[in-house]
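# Notes for the structure review
Below, each chain spelled out in residue letters.
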Amino acid sequence: MNKNRIFGITLTVVFLIAAGVSINVFAKGNINAIIPENADGSRKVSQERLETVENFIKKEILLGGLNIKMEVPSNWICSPLGTAAEKAADSFSITGPRNIDNTYTVSLRVKVYPAEKFDGIENMMKSVSGKTDSRDVKISGMPAKEVIAENRASLPLYSVRNKKTDILTVCAGFETGKNIVQIKYSADKRDFYEYKKVYDKIVNSMEVSADR
């Protein structure tokens, strides 16, 4: 084997090693950006991401002729944001953190339907796919139905690198006057029970009345 060939092989090996180190450092850097470091240098994913829920603030929205008051995390994104937009809307969304894979967002949506759209709450709940459990609850002092659903999605969508992700959803609904109010909370299964505390807080603080 001549010297030029040996030199070429050696250079290639050095290049591959250097590239591997760079990729490793880059990957760690991106992971570290997603998972903040604790004071002791450890990384507790669920703990850190749960801390992204700051104090709750009172939110009042006008949807489908209803005045809805509830407490929401101050640093989560609410949509629609403006009063004029809220008056014209029939749904209101709150979005929180992304999952660890950065492919799915914790979200909660309040939607108002005309009562005639469904033949009662039971009929509305039949439209929720992947149901695994149901129970009777009370929201804003009114009888409500709540179901848990589990589905699997390939995320991110339209990507050749997608992977199966389990999504859990809790959907609650109740009738008030000529309207049906639906509250739907959805999250990556790995985050679901952490942020369900937020859903519980929002639902338990909800007050619904006719807009005057």
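Residues numbered from 1 in each chain as written. Predicted model: local features only at pLDDT ≥ 70, side-chain atom pairs only at ≥ 80, totals over all residues. Heavy atoms only, no water.

### Examining the pairing of strand 4 (residues 91-98)
Where we set the bar: Two strands are said to pair when DSSP picks up at least two bridges between them. Helix numbers and strand numbers start at the N terminus; a helix is a DSSP run of H or I with at least 4 residues, a strand a run of E with at least 2.
Pairing of strand 3 (residues 77-79) with strand 4, which is carried by three bridges, proceeds in the antiparallel orientation. Along strand 4, the bridge assignment pairs Ser79 with Ser93. As judged from the six bridges shared by strand 4 and strand 5 (residues 105-114), these two strands associate in the antiparallel manner. Opposite Ile94, over in strand 5, you have Leu108 as the bridge partner. Joining the antiparallel neighbours strand 4 and strand 5 is a turn of six residues, in which Asn102 adopts a positive phi near 60 degrees.

### Observations concerning the sheet that holds strand 9 (residues 179-188)
Formally: Only C-alpha atoms enter the line fits that serve as axes; for helices the fit covers just the stretch in contact. Angles between N-to-C directions range over 0 to 180 degrees. We call two residues in contact whenever any of their non-hydrogen atoms come within 4.5 Å of each other.
Judged by pairing direction, the sheet is antiparallel, and its seven strands sit side by side in the order 3-4-5-9-8-7-6 without closing on themselves. Two strands bound the open sheet, and with one partner strand each, they are strand 3 and strand 6 (131-139). Here the strands of the sheet are splayed against their neighbours by 20 degrees on average, with no regard to which way each runs. As defined by bridge partners, strand 5 adjoins strand 9 across eight bridges and the pair is classed as antiparallel. When the bridges of strand 9 are listed, Lys111 appears paired with Gln182. The strands that helix 5 (residues 189-205) touches are strand 4, strand 5, strand 6, strand 7 (142-155), strand 8 (163-176) and strand 9; relative to strand 9, the one it contacts most, it runs at about 150 degrees.

### Some points on the packing of aromatic side chains
What counts here: Note on ring pairs: Phe, Tyr and Trp rings are taken, using the six-membered ring of Trp, and paired if centres are within 6.5 Å. Classes follow the plane angle, with under 30 degrees stacked, over 60 edge-to-face and the rest tilted. Each residue's exposure class comes from its accessible area (1.4 Å probe, protein chains only) as a fraction of the maximum for that residue type: buried when under 20%, exposed when over 50%, partly exposed otherwise. Throughout this description, the term charge over a ring refers to an Arg CZ or Lys NZ atom that lies within 6 Å of the ring centre and within 35 degrees of the ring normal.
Overall, the coordinates contain five aromatic pairs when judged by the stated rule. Ring centres 5.7 Å apart and planes at 20 degrees place the aromatic pair Tyr185 and Tyr199 in the stacked group. Here Tyr199 lies in helix 5 and Tyr185 lies in strand 9, a separation of 14 residues in the sequence. One exposure class covers both Tyr185 and Tyr199, and it is buried. Through pairs of rings, three or more aromatic residues link up here, namely Tyr185, Phe192, Tyr193 and Tyr199. Above the ring of Phe118, the side-chain terminus of Lys117 is found at 5.7 Å from the ring centroid.

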